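The primary structure of each chain is shown beneath.
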Amino acid sequence: MTTAATHLECDDCRARYGLLDPVNTCRGCGGLLDAVYDLEGLRQRLDLDAVLRRPNTVWRWRELLPLVDDNHRVTLGEGGSPLLMCERVGEAIGLRRLAAKNDAMNPTASFKDRSFTISVSKAKELGVRLGFTYTSGNAGASFAAYMAKARIPSVVLVKDWATREKIAMIRIYGCRTVILSYDSFAEVTRMLEEAVKRLGIYQFVLFINPYRHEGYKSYAYELWNDLGRRVPDWVIQPVSNGGGLYGLWKGFRELKALGLADRLPRLVACQPTASPPIVRAFEAGKTVAERFGDPRASIAQSIGSDAPIGGGRRILRALADTRGRAVAATDSAMLEAMALLGRDGLFVEPSSAITVAAAKQLASEGIIGPEDRVVCILTGSGLKQPAAVDQVFPQGLEHIHARIEELEPLLLPTGGEG
Ligand SMILES: [Zn+2]
């Protein structure tokens, strides 16, 4: 069980770095780095049956992960989340083969665990002594949990609009938790750049850390396996900086290079209408996204970003390569989707429900066909943002006093909720 990764390579100047070099971005040109694998060699030696006999976690596909020495593995049992048919949602929006991957089932109740099991394991392998990150909540909770498990001291800066529930999760893992306020995202970026320049701090921010998105490749492997070793027609992913979507793209390309899949799914990036820089760039046919929108103006907290890292170039490339789409959805469309998903037994935050809002929109436009096999990635639990439920049901709750006369009308055949 050894990695097939050979080195890191710069997106822009193609400079190479070793897998034991604690580098964040390219030292020559500042470009983003990506792990490169010897897929041809792996194709010769891969024992697929042995892989599929391993426990169903992110680490099942060990050869396609960049850790060199297994002794540094930091795991909480992440990945392997269920893929569920959503019949009731599908009926409501006219899609017969709609499924959801419920990543709220991860250890810290969000998809971020797929990325931090990899990046924190790599940090341990690289001898990182201190970690810090900034977050709207989900990433911070996941980061804090894995750093605690790895015994690496850490500081988490939390955006001042994160929910109490998310902040509570970050704190319980024992890392230093600090509220961060700012006027524009550019200030945050500047501060982070200064921190790196002055203190040489190793970074865990998506894409600036070259390993986090490697964990999201596991979506592709799991979907392919759960669908009977087939590729879905569409995969719909919420996007802020787009780690999940980039991971999906890279993972499916690897399956194809290994001769396991014959095509790529079409990928859909969803963003709130309040801050849709990727959607805007996609619609204009551009390869770089410019700063746009107000992230705080939407309930979709987890994907509130007006300036994607690296200008969103990786995401726009993935969308172009898969003949994908980019869709913006309103808060009311997300709330409606939350209610729909509830009927299929799924409680997710608005930033996850946006995938169903996007599916509905693309189905109504005839872009997704009624028989297409569609997967919505549900990235975070509704328990992280329970106040959104009050917006789903603005009429409030009914009350009764403990008397049979008041109970009885509720239990008559027409009384229950469908
Ligand atoms: Zn470079």
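Note that this is a predicted model, so its numbers are computed, not measured.

Asks: Would you explain the packing of helix α4 (residues 112-126) against helix α5 (residues 138-150) in this entry?
Replies: A pair of packed helices is captured by two measures, namely the crossing angle of their axes and the spacing between those axes. Taken N-terminus to C-terminus, the directions of α4 and α5 make an angle of 40°; their axes are 9 Å apart at the nearest point. One way to sum up the angle between α4 and α5 is to call them oblique. As α4 runs across α5, the sense of the crossing is right-handed. For the pair α4 and α5, the contacting residues are Lys-112, Asp-113, Phe-116, Thr-117, Val-120 and Lys-124 in the first and Asn-138, Ala-139, Ser-142, Phe-143, Tyr-146, Met-147 and Ala-150 in the second. Here the residues of the contact of α4 with α5 are counted per class, giving seven nonpolar, three polar and three charged.

Asks: Which parts of the structure should I look at to understand the coordination of the zinc ion?
Replies: Protein-derived coordination of the zinc ion comes from Cys-10 (SG), Cys-13 (SG), Cys-26 (SG) and Cys-29 (SG), at a distance range of 2.2 to 2.4 Å. In terms of primary sequence, the donors binding the zinc ion are separated according to C-x2-C-x12-C-x2-C. Exposure remark for Cys-13: the relative accessible area of 42% places this residue in the partly exposed category.

Asks: How do you make sense of the sheet that holds strand β6 (residues 131-135) when you look at a structure like this?
Replies: The strands making up a sheet associate through hydrogen bonds between their backbones, and the pairing can be parallel or antiparallel. Strands sit in the order β6-β7-β8 across an open sheet of three strands; the sheet is parallel. Of all the strands in the sheet, just β6 and β8 (176-180) have a single pairing partner and so form its edges. Ignoring which end each strand starts from, the neighbouring axes of this sheet average 20° apart. Relative to strand β7 (residues 154-159), β6 is paired through five bridges, and the arrangement is parallel. Looking across to β7, one finds that Tyr-134 is bridged to Leu-157. Seen against the sheet, helix α6 (residues 164-172) touches β6, β7 and β8 and runs at an angle of roughly 150° to β8. Sitting on the sheet, helix α7 (residues 185-199) touches β6, β7 and β8, and the angle it makes with β6 is about 175°.

Cut-offs used in this document
The numbering scheme is per chain: residues are counted from 1 as the chain's sequence reads. Only residues with pLDDT of at least 70 are given local features in this predicted model, and only at 80 or more are side-chain atom pairs given and counted; all residues enter the totals for whole chains, interfaces and linings. Neither water nor hydrogens contribute to the side-chain values; these are computed over all heavy atoms in the structure. Simply put, an axis is a line fit to the C-alpha atoms, just over the touching stretch for a helix, and the angle between two N-to-C directions goes from 0 to 180 degrees. A helix here means a DSSP run of H or I that spans at least four residues, while a strand means a run of E at least two residues long, and both kinds are numbered starting from the N terminus. Throughout, the term roughly parallel applies to angles under 35 degrees, roughly antiparallel to angles over 145, roughly perpendicular to angles from 65 to 115, and oblique to all others. By definition, turning the near helix anticlockwise from the far helix through less than a right angle yields a left-handed crossing, and turning it clockwise yields a right-handed one. We call two residues in contact when some of their heavy atoms are within 4.5 Å. Under the grouping applied here, Gly and all other residues not named as nonpolar or charged are polar, the nonpolar ones being Ala, Val, Leu, Ile, Met, Phe, Trp, Tyr, Cys and Pro and the charged ones Asp, Glu, Lys and Arg. A 2.8 Å cut-off from the metal defines N, O and S donors, relaxed to 3.2 Å for Na, K and Ca; water is not in the atom list, so some sites may appear incomplete. Only protein chains enter the calculation, and the probe is 1.4 Å; a residue is then buried if its accessible area is under 20% of its type maximum, exposed if over 50%, and partly exposed in between. A pair of strands counts as paired when DSSP detects no fewer than two bridges linking them.

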